[in-house]
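Spelled out from the first residue to the last, the chains are:
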Amino acid sequence: MTLSLAYLGPTGTNSETAALAYSDWLTSSRQVQSTLCPYPSIALALKSVTQGEVAQAVVPIENSIEGSVTVVLDTLWQSNNLQVHHELTIPIFHGLLSYASSLEKIKTVYSHPQGLAQCQKWLENFLPQVQLIPTKSTTEGIKFLQDDPTAAAVSSPRAAELYQV
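The shown structure was predicted, so the numbers you read here are calculated from the model rather than taken from an experiment. (Residues numbered from 1 in each chain as written. Predicted model: local features only at pLDDT ≥ 70, side-chain atom pairs only at ≥ 80, totals over all residues. Heavy atoms only, no water.)

Below, the discussion takes up the overall build of the protein chain. Helices and strands together make up the secondary structure of the protein chain, namely 6 helices and 9 strands. On C-alpha atoms alone, the protein chain measures out to a radius of gyration of 17 Å, which is about the 15 Å that the 2.2 N^0.38 rule sets for 165 residues. Seen through its C-alpha atoms, the protein chain measures out along the principal axes to roughly 50 × 30 × 25 Å. Taking contacts inside the protein chain between residues at least 6 apart in sequence as the whole, the part at least 24 apart equals 65%. (Helix = DSSP H or I, 4+ residues; strand = E, 2+ residues; numbered from the N terminus. Rg over C-alpha atoms; globule rule 2.2 N^0.38 Å. Contact = heavy atoms within 4.5 Å.)

Structure follows, in structure tokens:
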């Protein structure tokens, strides 16, 4: 049996890391294989379950720094078709990715609003003058880095490896 799992994509997001961990758990404990399906937003990942496109979604419900992820809680409350099947706690790590030669050269930082908020104190201390630009995921901002040496992205170490930044 193969189970399809929606998550906030693209490849390299913390949501994908959680989906991979959940997929491993399914394989080892329930002997169920899974296919990961990236979606451009958490809301669309959840909607894909209610519309029968996928069997389940792996989404963040809360984090220790920013608290509840309201889009998930609101969608769970509003939908009769969604229910929590399993809880997974994973550590989240962020890195500042850039082709800039120094912190002083960075003028913009891209990331998901949760990533920016989770790194707010660091950004205020080390990059107080930069423009923070929200993206749909922590990985999405990486696409702006190649053509702009003054840009940076708050993303996962796994994304740094995958996209060679």
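This part is about unusual backbone geometry. Cis peptide bonds are those with omega within 30 degrees of zero, and the linkage from glycine 9 to proline 10 qualifies with 5 degrees. Its place among the elements puts proline 10 in the loop between strand E1 (2-8) and helix H1 (14-30). Despite not being glycine, glutamine 31 shows a phi value in the positive range, around 55 degrees. Following the sequence through the fold, glutamine 31 ends up in the loop between H1 and strand E2 (33-39). Look at glutamine 31 and you get exposed, because its relative accessible area is 68%. Although it is not a glycine, glutamine 164 sits at a positive phi angle of roughly 50 degrees. Looking at where glutamine 164 falls in the secondary structure, it is placed in the segment after helix H6 (157-162). Taking relative accessible area as the criterion, glutamine 164 reaches 68% and is therefore assigned exposed. (Buried < 20%, exposed > 50% of the residue type's maximum accessible area, 1.4 Å probe, protein only.)

On to helix H2 (residues 42-50). Along H2, the positions that sit buried rather than exposed are Ile42, Ala45, Leu46, Ser48 and Val49. Axial view of H2: buried residues confined to an arc of 150 degrees, hence all on one face. In this fold, the buried residues of H2 make contact with E1, E2, strand E3 (56-57) and helix H3 (70-78). Among the residues trailing H2, glycine 52 stands out with phi positive, at a value near 80 degrees. (Arc of directions from axis to C-beta.)

Let's shift gears to the environment of glutamine 118. On the secondary structure map, glutamine 118 appears in helix H4 (residues 113-118). Put simply, glutamine 118 and aspartate 148 are 30 residues apart on the chain and 24 Å apart in space, counted from C-alpha to C-alpha. Non-local contacts of glutamine 118, meaning those with residues more than four positions away in its chain, are made with Asn63, Ile65, Glu66 and His94.

Interpretation in functional terms is not warranted from these geometric data alone.
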